[in-house]
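# Observations on the three-dimensional arrangement
Listed below are the residues making up each chain.
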Amino acid sequence: DPDSVTDVKSITLTSFIMRHTRDNNLAILMNAIQLSCKSITRAVRKAGIANLYGLAGTENSTGDAVKKLDLLSNEIMINALTHSHVCSVLVSEENEDPIIIKENMQGKYCVAFDPLDGSSNIDCNVSTGTIFAVYEKKEGSVGNIEDVMRAGIDLKVAGYCMYGTATELIITFYGSGVHRFTLDPSLGEFIHVASDVKMPTEPKKIYSCNQGNYGGWDAPIQRYVDGITAGDKPYALRYVGSMVSDVHRTLLYGGIFLYPADKKSRGGKLRVLYEGFPMALIIEQAGGMASTGMFNGSIQRVLEIKPTSIHDKCPIILGTPSMVESVLKEYTA
Ligand code: AHG
Ligand code: MN
Ligand code: MN
Ligand code: MN
């Protein structure tokens, strides 16, 4: 019974990291990230009591109306990562410019993060999350924007925390598969529940997108969605509106998640550095596929995009490979 106090075999994220890496800096980084996620999960769960719902009254660099919890989550992340002394450059959805850590507090990691993903869902208590992507500073760099203006294939770590019925943390150390942890609130520890998580080979026929944008999609995307919703066995539509929740369900159940370019967002809505890259890396490491569809004249693997600015956006089509392939076929039909 995993809940019994005698369950000595379950291991915490901290001991998992110590066991799987001899890199002390990585252990310190992961501690800072997991502390942030614990603090944010507490803020999210107390928001209704602590008057943390509602707008902060400002707009961020991608034009989102910022919520009070966006700002609190952002401060929590920046504070924890800055004081870890293992980071040099931070990129946040909520900061116009990169944060360059003071020389005497610098370390080798550069972290791009979305402190609170799906924040439009906060005020009605629908699940949200935190997403993070970690590069190592380039050789000899003193820590600047060039350390994060890199393709996703250069990432060392990617992960997300989902504030759902349970608080779950999904993380991949690039090349070593996807690991899953669940927060045990009575211990205040993330407990390791699965290693090498793989998308199901018998995926559920689920598609996940904002159907309301159908009119603005290009014809291949419209043809794909028409195809899977025609006939007597249509796909089911499941859309939370928080990327973390829609990707977590896609990872565990299979299916396809898409946020294509549309007439109002020609480059898509999701941000490359702290949404596209980390989710694409996790999905690929779990045996899935993550493409941009037709983007700037070619069909690209999300992880191979070369960002030119820290809030760049890209269209995202990710999930069960055969389903992503079916979308791409519509471009060559
Ligand atoms: P964020 O709250 O961090 O700005 O991200 C919101 C994103 C993503 O979580 C979700 O997939 C997408 O916005 C939903 O967009 P629509 O409301 O346009 O469907
Ligand atoms: Mn936002
Ligand atoms: Mn987001
Ligand atoms: Mn956000």
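Residues numbered from 1 in each chain as written. Chains lettered and ligands numbered in written order. Predicted model: local features only at pLDDT ≥ 70, side-chain atom pairs only at ≥ 80, totals over all residues. Heavy atoms only, no water.

In the nomenclature of an unreviewed UniProt entry, the protein chain corresponds to Fructose-1,6-bisphosphatase, cytosolic from the organism Tribonema minus. Regarding the protein chain, the UniProt comment filed under Cofactor (unreviewed entry) reads as follows: "Mg(2+)". The protein chain has a UniProt comment under Catalytic activity (unreviewed entry) that states "beta-D-fructose 1,6-bisphosphate + H2O = beta-D-fructose 6-phosphate + phosphate". (UniProt positions renumbered as here; feature names shortened; annotations may be inferred.)

Here the focus is the pairing of strand β3 (residues 87–92). A large share of β3 lies buried, amounting to six of its six residues. Connecting the antiparallel pair β3 and strand β4 (residues 99–100) is a turn made up of six residues. (Buried < 20%, exposed > 50% of the residue type's maximum accessible area, 1.4 Å probe, protein only. Helix = DSSP H or I, 4+ residues; strand = E, 2+ residues; numbered from the N terminus. Pairing = 2+ DSSP bridges.)

The subject of this paragraph is the coordination of the manganese ion (ligand 4). Surrounding the manganese ion (ligand 4) are the protein donor atoms E93 (OE), D114 (OD) and L116 (O), at 2.0 to 2.2 Å. Linear spacing of the donor residues for the manganese ion (ligand 4) on their chain is E-x20-D-x1-L. (Donors = N, O, S within 2.8 Å, 3.2 Å for Na, K, Ca; no water.)

A word on the pairing of strand β13 (residues 256–259). Here β13 shows two buried faces, one formed by I256 and L258 and the other by F257 and Y259. Bridge count between strand β11 (residues 206–208) and β13: two bridges; the pairing is parallel. The residue of β13 that forms the bridge with S208 is F257. Judged from the four bridges that link them, β13 and strand β16 (residues 316–319) form a sheet pairing that is antiparallel. Looking at the pairing, Y259 lines up with I316 of β16.

All right, on to the nonpolar core then. Residues L29, M30, L81, L90, V111 and F132 are the most contacted members of the largest nonpolar core, which totals 44 residues. If one sorts the elements of this core by residue count, helix α2 (residues 24–46) sits on top with 10 residues. Not counting the four nearest positions on each side in its chain, L81 is found in contact with L29, A32, I33, C87, L90, V111 and F113. Membership of the second largest hydrophobic core comes to 43 residues, among which are Y160, I170, M279 and C314. (Core = buried A, V, L, I, M, F, W, Y, C linked by side-chain atoms within 4.5 Å. Contact = heavy atoms within 4.5 Å.)

The next subject is the sheet that holds β13. With mixed pairing, the six strands of this open sheet are ordered in space as β12-β11-β13-β16-β14-β15. The strands lining the two open edges of the sheet, one partner per strand, are β12 (236–237) and β15 (298–301). Against the sheet, helix α6 (residues 272–285) makes contact with β14 (289–295), β15 and β16, and its axis sits at roughly 25° relative to β16, the strand it touches most. Sitting on the sheet, helix α7 (residues 321–332) is in contact with β11, β13, β14, β15 and β16, with an inclination near 10° to β14. (Axes fitted to C-alpha atoms, helices over the stretch in contact; angles between N-to-C directions.)

This paragraph deals with the site of ligand 1. In the neighbourhood of ligand 1, 18 residues make up the surrounding shell, with D117, G118, Y239, M243 and Y259 lying closest. Contacts to ligand 1 include M243, whose backbone N or O atom sits 2.9 Å from an oxygen atom. In the complex, 87% of the free accessible area of ligand 1, which totals 470 Å², lies under the protein chains. Mapped onto the shell around ligand 1, the elements with two or more residues apiece are β5 (109–117) and β13. With three residues, β5 is the single largest residue contributor to the shell around ligand 1. Taken together, the residues of the shell around ligand 1 sort by class into six nonpolar, five polar and seven charged. (Near = heavy atom within 4 Å. Polar contact = N/O pair within 3.5 Å; in protein donor to acceptor, adjacent residues only side chain to side chain. Areas by Shrake-Rupley, 256 points an atom, 1.4 Å probe, with all protein chains shown as cover. Nonpolar A, V, L, I, M, F, W, Y, C, P; charged D, E, K, R; others polar.)

Those donors, D64 (OD) and E93 (OE), are the protein atoms that reach the manganese ion (ligand 2), and they lie 2.1 Å from it. D64 sits in the partly exposed class, given a relative accessible area of 23%. Residue E93 is classed as buried on the basis of its relative accessible area, which comes to 3%.

Further remarks concern the sheet that holds strand β9 (residues 178–184). In spatial order, the strands read β4-β3-β5-β6-β7-β8-β9-β10; together these eight strands make up an open sheet with mixed pairing. Looking along the sheet, the strands with just one partner apiece sit at the ends: β4 and β10 (189–194). Lying on the sheet, helix α3 (residues 68–82) is in contact with β3, β4, β5 and β6 (128–136); it crosses β5 at an angle near 160°.

Glancing now at unusual backbone geometry. Only a minority of non-glycine residues have a phi that is not negative, and only a minority of peptide bonds are not trans. Positive phi, normally seen in glycine, also occurs at N51, with a value near 50°. Unlike most non-glycine residues, N125 shows phi in positive territory, near 60°. Tracing the backbone shows N125 in the loop between β5 and β6. Here N125 falls in the exposed class, since its relative accessible area comes to 65%.

Take the packing of aromatic side chains next. Tallied over the full model, the rule gives two aromatic pairs. Ring geometry for F16 versus F181: centroids 5.2 Å apart, planes at 80°, classification edge-to-face. Highlighted residues: F16 in helix α1 (residues 13–20) and F181 in strand β9, separated in sequence by 165 residues. Across this residue pair, the class does not change: F16 and F181 are buried. (Phe/Tyr/Trp six-rings, centres within 6.5 Å; stacked < 30°, edge-to-face > 60°.)

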